[in-house]
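Next come the chains, spelled out residue by residue.
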Amino acid sequence: MKNRLVYMDNGATTPVREEVLEAMLPFLQDQYGNPSSLHTQGREVRRAIDEAREKTACVLGADPAEIFFTSGGTESNNLALRGTARKQASAGHIITSGIEHHAVLEVCHDLENEGHRVTYLPVDRFGRIDPAAVEAAIAPDTFLISIMAANNEVGTLQPILEIGTLAREHGILFHTDAVQVVGQRPVNVNDLPIDYLSLSAHKFNGPKGVGALYKRKGVKITPLYRGGSQERKLRPGTENVPGIIGLGQALELAAAEIPYKMEYLTSLRDQLIEGLLKIEDVILNGHPQERLPGNINVSFKYIEGESILLSLDLQGIAASSGSACSSGSLEPSHVLSAIGLDQQTAHGSIRFSLGRYNNEADIEYVLEKITPIVEKLRQISPLHKTD
Ligand SMILES: Cc1ncc(COP(=O)(O)O)c(C=O)c1O
């Protein structure tokens with residue numbers, strides 16, 4: 001009998017919704033005009049891009065002129081950080097955290113090599129950044145603070161309202177990597193003192209390889225590429241038209257169901273957490289309440305996360321160990337290390353990330369399968385005490 005498939009890796013990526021695919025298809029087929037062309041075909045595509053921009057802006061409470069389409073979260077983060085740094089007259093100081101996505105951390109390393117100074121703030125055992133630590137780190141030449149809205153591995157939400165407020169009070173630009181939050185929780189740039197925000201379509205049932213950067217009006221950055229005048233010269237190059245249409249459609253649909261989805265996923269999440277914590281020597285990573293609705297990150301002591309993942313995979317369950325990007329490497333994830341897990345515990349960690357297609361039967365199935373898997377792996381683990 002074929003195993004059922006239970007996909008719980010929505011933090012890595014999500015399936016494209018049927019309605020999104022339908023909205024995209026014409027732009028892969030008949031509506032192939034270049035949006036920069038003056039003929040009817042081009043103008044029609046331009047109108048569709050404008051509509052996607054309006055939808056994106058509307059969800060974020062932004063002006064359409066503040067939305068720039070990119071190739072995803074990685075590029076949006078690069079554009080915000082590098083673009084701001086290049087605009088500075090001289091080298092200065094940046095504040096970020098030690099648990100940011102590599103698309104922020106590695107850019108910061110590059111900027112250090114270019115002469116800027118970077119403070120990597122620590123987090124508490126739940127993965128939270130203390131706004132007081134942000135304030136204490138501010139120097140006279142701090143020009144940018146970049147703190148993620150929620151962590152992709154342990155799901156912890158950051159106090160971005162407090163941090164953004166501090167940034168504004170000190171006249172410092174504030175960027176937030178909101179890739180894990182947009183489409184999952186309400187985000188409105190009118191209520192938040194944010195200057196830049198990164199988002200990515202494939203995290204909210206849109207296509208891969210397309211995202212956006214929100215940049216507040218009046219904030220100046222230097223583009224990463226030179227070329228045409230697309231995206232008001234901030235991101236030149238012929239647009240990924242089907243991707244952009246898909247992003248707009250997916251975001252509009254996701255935003256409309258946020259209240260219901262938050263409640264639904266939080267309830268499924270808590271059921272799974274409760275069931276997993278009934279297994280001996282299991283700990284929950286991340287904040288117990290202040291976390292993404294669909295994120296569950298747990299450590300199974302005495303066993304390797306990779307072995308659990310492979311056993312789960314044989315039962316048709318897709319989850320991840322560490323973050324999707326860092327799994328495959330032997331180093332424990334920088335996030336799990338930052339919250340204070342020792343190497344062994346960090347290696348026994350699994351992330352289940354829920355999405356709109358998960359249901360209670362999935363939770364029951366995972367709990368039914370994982371208990372004997374953990375028991376069996378512990379029996380053969382040299383690390384496990386058997387007394
Ligand atoms: C917090 C965070 N930032 C950035 C990214 C990168 O986004 P993309 O895959 O669209 O480049 C991810 C993807 O996992 C993420 O979780």
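You'll find the structure just up there.
Residues numbered from 1 in each chain as written. Predicted model: local features only at pLDDT ≥ 70, side-chain atom pairs only at ≥ 80, totals over all residues.

If you tally the helices and strands in the chain, you get twelve helices and twelve strands. Computed over its C-alpha atoms, the radius of gyration of the chain comes to 22 Å, within 12% of the 21 Å expected for a compact globule of 387 residues. Based on the C-alpha atoms only, the size of the chain along its principal axes is roughly 75 × 55 × 35 Å. With 387 residues in all, the chain has 48% of them scored as buried. (Helix = DSSP H or I, 4+ residues; strand = E, 2+ residues; numbered from the N terminus. Rg over C-alpha atoms; globule rule 2.2 N^0.38 Å. Buried ≥ 20, exposed ≤ 12 C-beta atoms within 10 Å, placed from the backbone.)

Taken together, the residues surrounding the ligand are Gly-72, Gly-73, Thr-74, His-101, Ala-103, Met-148, Asn-152, Asp-177, Val-179, Gln-180, Ser-200 and Gly-211. Residues that form the shell around the ligand fall into these classes: three nonpolar, eight polar and one charged. (Near = placed C-beta within 6 Å. Nonpolar A, V, L, I, M, F, W, Y, C, P; charged D, E, K, R; others polar.)

Moving on, we get to the sheet that holds strand E10 (residues 295–300). Taken in spatial order, the three strands of this open sheet run E9-E10-E12, and their pairing is antiparallel. Lying at the two open borders of the sheet, with one neighbouring strand each, are strand E9 (282–285) and strand E12 (349–353). Strand-to-strand twist across the sheet, computed as the mean angle between neighbouring axes with direction ignored, equals 30°. By the bridge criterion, four bridges tie E9 to E10 in an arrangement that is antiparallel. From the neighbouring strand, Val-282 faces E10, where its bridge partner is Phe-300. Strands in contact with helix H8 (residues 258–277) are E9, E10 and E12; relative to E10, the strand with the most contacts, it is inclined by about 10°. (Pairing = 2+ DSSP bridges. Axes fitted to C-alpha atoms, helices over the stretch in contact; angles between N-to-C directions. Contact = placed C-beta atoms within 7 Å.)

Before going further, it helps to spend a moment on the pairing of strand E6 (residues 173–177). The element E6 is largely enclosed, with a buried count of five among its five residues. Strand direction decides the pairing type here: strand E5 (residues 142–146) and E6, joined by three bridges, are parallel. Within the sheet, the bridge partner assigned to Ile-145 lies in E6 and is Phe-174. For the crossover from E5 across helix H6 (residues 160–169) to E6, the handedness is right-handed. The pairing of E6 with strand E7 (residues 196–200) spans three bridges and is classified as parallel. Note that in E7 the partner of Thr-176 across the bridge is Leu-197. (Right-handed = clockwise from strand over helix to strand, strands pointing away.)

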